[in-house]
Amino acid sequence: MAEITKLLKAWSEGEQAALDRLTPLVYEELRKVARRRMRTERLGHTLQTTALVNEVYLRLVDASDVRWQDRAHFFAVSASMMRRILLDGARARATAKRGGGEIRVTLSDDLVPFRKHDELIALDDALMSLAKIDPRKSRVVELRYFGGLTVEETAEVLKLSPQSVMRDWRLAKAWLSRELTEGDAVDS
Amino acid sequence: MTPERWNKVERLYHAALDRNSEKRSEYLAEACGDDSDLLREVLSLLAQDSVGPTLLRKPVEDVASVLDSVIASGTQWGPYRIEVLLGKGGMGAVYRATDTRLNRLVAVKFLSDDLADSSARRRFQREAQMASALNHPHILTVHDVGEFEGRQYLITEFVDGGTLRDWLRTERRPWRAVVELLVGVADGLATAHAANILHRDIKPENILIARNGYAKLADFGLAKLEERIPADAATRSIGESITRAGAVIGTVAYMSPEQASGRTVDARSDIFSFGVLLYEALATRRPFEAKTDLELLHVVIHGEPPPLDAAIPEGLRIAVETALDKEPAERYQSMKEFVVDLRRLLRERDSTPAPAHSTAAPFVKKRLGRMIAGAVIGTALIVGLSYRWLDRADFFWRNPLDGAHFQKVTDWEGTELDASISHDGKFVAFLADRAGTYDTWVTQVGSGQFRNVTEGRFPSLLHEATRTTGFSADGRDVWLRTTPTISLAPLMGGPVRVFLGRALNPVWSPDGSRLAFHYATAGDPIMIADPDGRNEKQILVSAAGEHNHYLTWSRDNKSIYFTHGFRTTEMDIWRVSSSGGTPERIPTRTVPSGAIPTPSWTVEPSSNYDARPRHPG
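Residues numbered from 1 in each chain as written. Chains lettered and ligands numbered in written order. Predicted model: local features only at pLDDT ≥ 70, side-chain atom pairs only at ≥ 80, totals over all residues. Heavy atoms only, no water.

Trainee: Break down the nonpolar core for me, with residues and values.
Mentor: In this structure, L182, F274, L316, F338 and L342 of chain B are the most contacted members of the largest nonpolar core, which totals 76 residues. A total of 11 residues in this core trace back to one element, the largest contributor, which is helix α7 (residues 175-194) of chain B. Grouped together as the second largest cluster of nonpolar side chains are 66 residues, Y27, A79, A126 and V165 of chain A included. (Core = buried A, V, L, I, M, F, W, Y, C linked by side-chain atoms within 4.5 Å. Buried < 20%, exposed > 50% of the residue type's maximum accessible area, 1.4 Å probe, protein only. Helix = DSSP H or I, 4+ residues; strand = E, 2+ residues; numbered from the N terminus.)

The structure is reproduced here in structure tokens:
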């Protein structure tokens, strides 16, 4: 716990190497907690990413010894990790679906619709396109959507003013909306 | 797009947003000048809904449904090879797989990780074993149970189709179709209860309907595994789990009042749930409805369902009401009773609202109503002595009984069915519910003396889709369906002994030299054996989901006739040589809907066979 707290501090103070050491620790813990939570809660009961990240945070970090800015940094690491974990899952399921045609057999409950995964994959693709044009806006979306960060926390992590985060967020949403509804971006 | 250009787009976008909509286009036209591409780009961004993509309205959630790991196609362990994920439900993920040993499709159900701790694992294994012992055409067959990569799985037969929910959605079904579909499921449930297995989670999603219209009850006893609530805390826990994101949604509607209030449940709880299901299928609405699950709990415990439509026969309405009685002691006391009533209803020719018992006011109800129904429908068993078998047929193509001599054997209230005559023509064995349960009775024709051979010990004798009793080759024993085995009981009294495991429909050849039967496993493999059941040899097996019932030897001992494709549109009489080989279809004339053709011999075997429709029930 102490190590993570120290790494978080170092990273929020600008030490990039700390992030590299932090990432695998957070990733493992997230996976572990997500798996355990899924075990104890039934499907159909949504498991929110923020709740998950919070739990991991409490497990890994000595909260009494951490400034809120460091907490924001922790959530920022978690956001990227959540994105990776979720997209791996979504792509695996999408592949399974493509292999399966349209057969539906229910052995117990109504099935969780697959549509959600396709949407998630489309969003991820769009975010990658956006990152090519404007990495910062892509990152704002990642932090807000996959990490559940507030505007202030996002601003802290990206060293921006909250106003800039708001503007980035707004334009990013418009850009993604267009990308997702029209299918291809106007690229010149 | 270059960074410079993107900066320009961004600047214009925000600047335009700062202006009100009237000045916006004027501003942009001026700022972009001749650069129409730039204008278009900014305008297309401004045209987007300010809320953005729906997905982004709140942080990603429902991690569980995305994250639960998926087993890749082609993964193999033991004989099972995963083909494709069919879906996920509350209890885990279901895959279609191939059992490479038998080259058949199976469904693999991985239980969710709740079952990871060792006591839960043992419980799961035990429940699965019990469920797999249930051998019934309307219960989804459990083939195997095990653990793969730390996760518990069940292998069951694969049913290609939908659920009862889908079936009800596609069209409004007449009551007869509903009852015909569900009476078999009810019988399956009765069989399970007889083996002391409760279902506990009866709902339309748990009834699978194959493409050929055959219904199977799935997920036996599994609901219990989800139950980790100490009995005294049950009420509170159920309340909590409902307020918690509606984990129980959809199930509360089918709970019995005792289940909903956390009391101990027994078979009568399943009977209630089945009543809810039947009510919903008939009325296309649920008997108990409410806006929230908590209110629904209250309605289930205290509310009365609205009466069913008067177009539904009164007997059926009474049956459903009886099943839905709040007080378990006022319901049907066994699923078997319920099944008997449903079958009676199907046999009633007149489906108009029962004028026969119109004098019995509905609210003077239930028990009385059922007794009257029983008396009205009570049948008399008649045996034409010159016939080997007389089915309960009330419909003939050409009446082969013209000129026959009739002798009445029984004159009992209630139902007698599945009569057979011993080889020497002296004895008749049949099923009757005279003693309250369906038993095998034997009588020497003309003696007026009857003996109850089974005395309530084998509820499995009542079965819709197979014969369940008959004479052995030497006529000294009657055979009985004693699920999952076939047993022999001496005609003159004595202990019942197990004869064949997991088999159905044993028939000895007319010369007594061989025995044919089929196993109650996927594809109903037809076996030939010595008369004592030894040296069995498989002569035919069909695809999973297809059935081969009512085996009947040809007079010359050379081939076996049987009903194939049970309850499908392809249902017909087929013949296969007793030494195996390709079976041959013997087309029968059109069979009325709901009837099952069963092969049977007439006196003059000139036409080889005589297919009579047999109404299920």
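Trainee: Hey, could you go over the confidence of the model for chain A for me, with residue numbers and the actual values?
Mentor: All names here are of chain A. Overall, the prediction assigns chain A a mean pLDDT of 74, with 70% of residues at 70 or greater. No element of chain A has a lower mean pLDDT than helix α3 (residues 49-60), which averages 72, and none a higher one than helix α6 (residues 135-146), which averages 92. Ignoring residues within four places in sequence, the model shows residues 41-45, a span with pLDDT below 50, making 10 contacts including any to other chains. Ignoring residues within four places in sequence, the model shows residues 184-188, a span with pLDDT below 50, making 10 contacts including any to other chains. (pLDDT = per-residue confidence, 0-100. Contact = heavy atoms within 4.5 Å.)

Trainee: So, empty space enclosed by the protein: which residues are in play, and what are the values?
Mentor: All names here are of chain B. Applying the stated criterion across every chain, the model contains 13 cavities of 30 Å³ or more. Estimates place the volume of the second largest cavity at around 170 Å³. Lining the second largest cavity are 15 residues, and of these T141, A520, T521, D524 and H547 sit closest to its centre. Here the residues of the lining of the second largest cavity sort into four nonpolar, eight polar and three charged. Mapped onto the domain boundaries, the lining of the second largest cavity takes at least three residues apiece from domain 2 (81-157) and domain 4 (379-614). (1 Å grid on protein atoms, 1.4 Å probe; cavity = no way out; pocket = protein on both sides within 12 Å on 5 of 7 lines; lining within 4 Å. Points joined across faces, edges and corners; volume = space filled by probe spheres on them. Nonpolar A, V, L, I, M, F, W, Y, C, P; charged D, E, K, R; others polar. Domains from an automatic or database assignment.)

Trainee: Please set out the pairing of strand β26 (residues 559-564) of chain B residue by residue, giving values where relevant.
Mentor: All names here are of chain B. Here β26 lies mainly inside the structure; six of its six residues are buried. Where burial is concerned, the two faces of β26 agree: the one with S559, Y561 and T563 and the one with I560, F562 and H564 are both buried. By the bridge criterion, four bridges tie strand β25 (residues 548-553) to β26 in an arrangement that is antiparallel. Paired with H549 across the bridge in β26 is T563. Joining the antiparallel neighbours β25 and β26 is a turn of five residues, in which N557 adopts a positive phi near 65°. Note: β26 against strand β27 (residues 572-577), six bridges, orientation antiparallel. Bridged to F562 within β27 is W574. (Pairing = 2+ DSSP bridges.)

Trainee: Quick rundown of the sheet that holds strand β20 (residues 497-501) of chain B? Include the residues and the values.
Mentor: Residues and elements named next belong to chain B. One open sheet holds the four strands; their spatial order is β17-β18-β19-β20, and the pairing between them is antiparallel. Looking at the sheet topology across the chains shown, the edges are occupied by β17 (469-471) and β20. Shown here is a sheet whose adjacent strand axes are inclined to one another by a mean of 30°, direction ignored. Summarising the sheet, β17 and strand β18 (residues 477-482) pair through three bridges and their orientation is antiparallel. When the bridges of β18 are listed, T469 appears paired with L480. (Axes fitted to C-alpha atoms, helices over the stretch in contact; angles between N-to-C directions.)

Trainee: Pulling in residues and values, what's your account of the pattern of salt bridges?
Mentor: It is possible for side chains bearing opposite charge to pair when their charged atoms get close. Going through the model one piece at a time under the given rule, you end up with 30 salt bridges over all chains. Its salt-bridge partner being D124 of chain A, residue R83 of chain A comes within 2.6 Å of it at the nearest N-O pair. With R83 of chain A in helix α4 (residues 68-98) and D124 of chain A in helix α5 (residues 115-133), the pair connects residues that are 41 residues apart, well separated along the chain. An identical accessibility class is assigned to R83 of chain A and D124 of chain A; each is buried. One salt bridge connects E280 of chain B with R165 of chain B, and the closest N-O pair in it is separated by 2.8 Å. Residue E280 of chain B is found in helix α11 (residues 267-283), and its partner R165 of chain B is found in helix α6 (residues 164-170); the two are separated by 115 residues along the sequence. Several salt bridges converge on common partners, so that one network encompasses D134, R136, K137 and D168 of chain A together with E10 of chain B. (Salt bridge = Lys/Arg side-chain N within 4 Å of Asp/Glu carboxyl O.)

Trainee: Describe in detail unusual backbone geometry, supporting the description with residues and values.
Mentor: Residues and elements named next belong to chain B. For D524, which is not glycine, the phi dihedral falls at a positive 40°. Within the element layout of this structure, D524 appears in the loop between β22 (515-519) and β23 (526-529). Residues other than glycine seldom take positive phi values, yet N557 does so here, at roughly 65°. With respect to the secondary-structure elements, N557 resides in the loop between β25 and β26. Using a relative accessible area of 14% as the deciding quantity, one classes N557 as buried.

Trainee: Which residues make up α6 of chain A, and what values do they have?
Mentor: All names here are of chain A. Relative to the 16 Å expected for 12 residues at 1.5 Å per residue, α6 spans 16 Å between its end C-alpha atoms, a close match to the ideal helical length. The buried count for α6 comes to nine of 12 residues, which makes it a mostly enclosed element. Along α6, the residues that are buried comprise K137, S138, V140, V141, E142, L143, R144, Y145 and F146. Directly beyond the C-terminal end of α6, a positive phi value near 65° is found at G148. (Expected span 1.5 Å × (residues − 1).)

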